[in-house]
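Coordinates in review
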Amino acid sequence: MTKILCIGAGYVGGPTMAVIAQNCPDVQVTVVDINPDRIAAWKSDTLPIYEPGLLEVVQSSRGRNLIFSTEVDQGIADADIIFVSVNTPTKTFGRGAGCAADLQYWEKTARQILENSTSDKIVVEKSTLPVRTARAMERILHSGDGNVHFEVLSNPEFLAEGTAITDLMDPDRILIGGHETETGQAAIEKLASIYAQWVPPEKILTTNVWSSELSKLTANAFLAQRISSINSIASVCEATEANVDEVSRAIGMDSRIGAKFLRASVGFGGSCFKKDILNLVYLCETYGLDEVADYWRQVVAMNSYQGERFVNRMISAMFNTIVGKRITLFGFAFKADTGDTRESPALTVSRQLLAERADVVITDPQALVNAAKDLNEDAVTYEQDPYEAAKGAHAIAVMTEWQQYRDLDFVRIHDSMVKPAFIFDGRNLLNHKELHEIGFNVYPIGKAALTHLE
Ligand code: UDX
Ligand code: ADP
């Protein structure tokens, strides 16, 4: 029986392993983490992350061929294939601070693998890592006495949070990068045979290690670039009489452009986009490709600008002062259907509103615990019920496209708010015409405002 170990039970490791275990009953999958609370949560029915459909998948295999544990060393010793999906945040200190990846958790893991291995292993990079990290991984693994053979593969994960289970069950492609040696090719085949149990063979793509690592960064950079591009056009729409939804639709019907990822918003968030683009930027700078670095850096700059622009529009609409005004954020997660708040635009918007001395109230169906951790701010009120959160507010700002916000009773909400009541829809989620008829002053993204003000 093939034994798989995954080191790191986070947003990537947890769902990915659950889906492998469900589809491969003949493979034993163990997921380990240094955080005992996380492991305890994976063993319970209150999973540590919110992801639609995940609990059912976990329950279908847990205790059969899916095991959660804190025994990292034992897990390494037993495994044939080790997935590494520990966190690789952006460095906050020293060389490359704010840009390069912080590889300390990853390197500790590599050394731990070396120390605990007595049989040959395939080591799979699952976390997004800078290009050529596999080389560093190999150097550490090969620094031992040489009795054990390690084959390093890159197998980046393309799942998006909120749709992780369907993305994993029916992926656009599985990418496996390995060395062009005999052992490298054998390792690729072994990993491919696991995915082949539920993924059609034509969707399993194999490349060299470096192409695989670079493809992951490139995919995320391209996706983020589309959002920054449409958001840049949204600002032009607000200045003219164009409507960004109409522009998106018109250009998306061009089959060369395609319709996806053209939703204008207050900005992209999440653990990947900014981090991966900055990794790409750092890589380019390292190779002296400064113009290329500047090109990609601008995608991130555009995203920060979009958030600032949103807050500026709020302040100027609300008579150039928001001091002491109650402003309710609808949603704090970086997108709908997740409790994840990493790099959420709501975070930067909240901080700017607090700097302007507004009274910030936050409501979110899944992300309030993470929001409170991130903001660590006594001046903020957290309220699960959107009606309570909006009571007495001067303005509502939609930060996350939770579908349930569309079905709220906005007449009731309007009645409970201070007048004139404002809605700033950072996701173009709500029915703006209807809200305007109720009496709201409505400010969408990339469209003219609908107001009752002179
Ligand atoms: C992303 C990639 O999609 C995934 O392939 C990769 O493995 C990890 O990074 P994720 O961060 O989970 O996934 O979410 P994604 O759906 O890509 O959304 C990222 C951000 O962009 C969110 O804040 C989302 O709200 C925003 N977005 C997305 C827009 O503002 N407009 C769009 O049209 C699409
Ligand atoms: P991602 O979104 O990439 O999955 P997360 O932060 O959700 O990132 O998950 C990474 C997980 O890796 C965390 O639960 C963290 O505790 C775990 N981790 C970090 N370092 C180690 C290590 N040396 N051994 C085991 N687990 C680790």
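All values derive from a computational prediction rather than experimental measurement.

Moving on: the site of ligand 2. Neighbouring ligand 2 are 21 residues, the closest being Gly 8, Gly 10, Tyr 11, Val 12 and Asn 87. The dominant element in the shell around ligand 2, judged by the number of residues it contributes, is helix 5 (residues 104-116), at three residues. Its residues assigned to classes, the shell around ligand 2 comprises nine nonpolar, nine polar and three charged.

This part covers the environment of Thr 207. Among the structural elements, Thr 207 can be located in strand 8 (residues 204-207). C-beta crowding within 10 Å serves as the criterion here: with 16 such atoms nearby, Thr 207 is assigned to the partly exposed category. Separated by 25 residues in sequence, Thr 207 and Glu 182 place their C-alpha atoms 14 Å apart. Leaving out residues up to four positions away in the same chain, Thr 207 has contacts with Leu 175, Gly 177 and Ser 212.

As for its position among the elements, Lys 391 is in the loop between helix 15 (386-390) and strand 12 (395-398). The class for Lys 391 is partly exposed, based on 18 C-beta atoms found within 10 Å. When the C-alpha positions of Lys 391 and Val 418 are compared, they lie 8.3 Å apart, and in sequence the two are 27 residues distant.

Let us now look at the sheet that holds strand 10 (residues 359-363). Hydrogen bonds between backbone groups are what pair the strands of a sheet, and the pairing can be parallel or antiparallel. In space, the six strands of this open sheet follow the order 11-10-9-12-13-14, with parallel pairing throughout. The open sheet has two free edges, formed respectively by strand 11 (381-382) and strand 14 (441-443), since each of these has just one partner strand. In this structure, strand 9 (residues 326-330) lies alongside strand 12, joined through four bridges in parallel fashion. For Phe 330, the partnering residue across the bridge sits in strand 12 and is Val 398. With respect to the sheet, helix 12 (residues 290-317) is in contact with strand 12, strand 13 (422-425) and strand 14, its orientation differing from that of strand 13 by roughly 165 degrees.

Close to ligand 1 lie 19 residues; Arg 263, Ser 265, Phe 268, Gly 270 and Cys 272 are nearest. No other element matches helix 9 (residues 209-239), which puts three residues into the shell around ligand 1. Classifying every residue of the shell around ligand 1 gives 11 nonpolar, four polar and four charged.

Tracing the backbone shows Thr 400 in the loop between strand 12 and helix 16 (410-416). A tally of 30 C-beta atoms within 10 Å means that Thr 400 is categorised as buried. Separated by 292 residues in the primary sequence, Thr 400 and Lys 108 have C-alpha atoms spaced 36 Å apart. In this view, Thr 400 contacts Gly 331, Phe 332, Ala 333, Lys 335, Ala 336, Ala 346, Asp 364 and Arg 427; residues no more than four positions away in its chain are not counted.

Attention now moves to the domain arrangement of the protein. Split into domains, the protein comes out as domain 1 (2-207) and domain 2 (209-454). Centre-to-centre separation of domain 1 and domain 2, based on C-alpha positions: 32 Å. Across the boundary between the two partners, domain 1 contributes 28 residues, which contact 26 residues of domain 2. Contributions of two or more residues to the side of domain 1 that touches domain 2 are made by helix 6 (133-141) and strand 7 (174-177). In the side of domain 1 that touches domain 2, the residues fall into 15 nonpolar, 10 polar and three charged.

Criteria and thresholds
- Residues numbered from 1 in each chain as written.
- Chains lettered and ligands numbered in written order.
- Predicted model: local features only at pLDDT ≥ 70, side-chain atom pairs only at ≥ 80, totals over all residues.
- Near = placed C-beta within 6 Å.
- Helix = DSSP H or I, 4+ residues; strand = E, 2+ residues; numbered from the N terminus.
- Nonpolar A, V, L, I, M, F, W, Y, C, P; charged D, E, K, R; others polar.
- Buried ≥ 20, exposed ≤ 12 C-beta atoms within 10 Å, placed from the backbone.
- Contact = placed C-beta atoms within 7 Å.
- Pairing = 2+ DSSP bridges.
- Axes fitted to C-alpha atoms, helices over the stretch in contact; angles between N-to-C directions.
- Domains from an automatic or database assignment.

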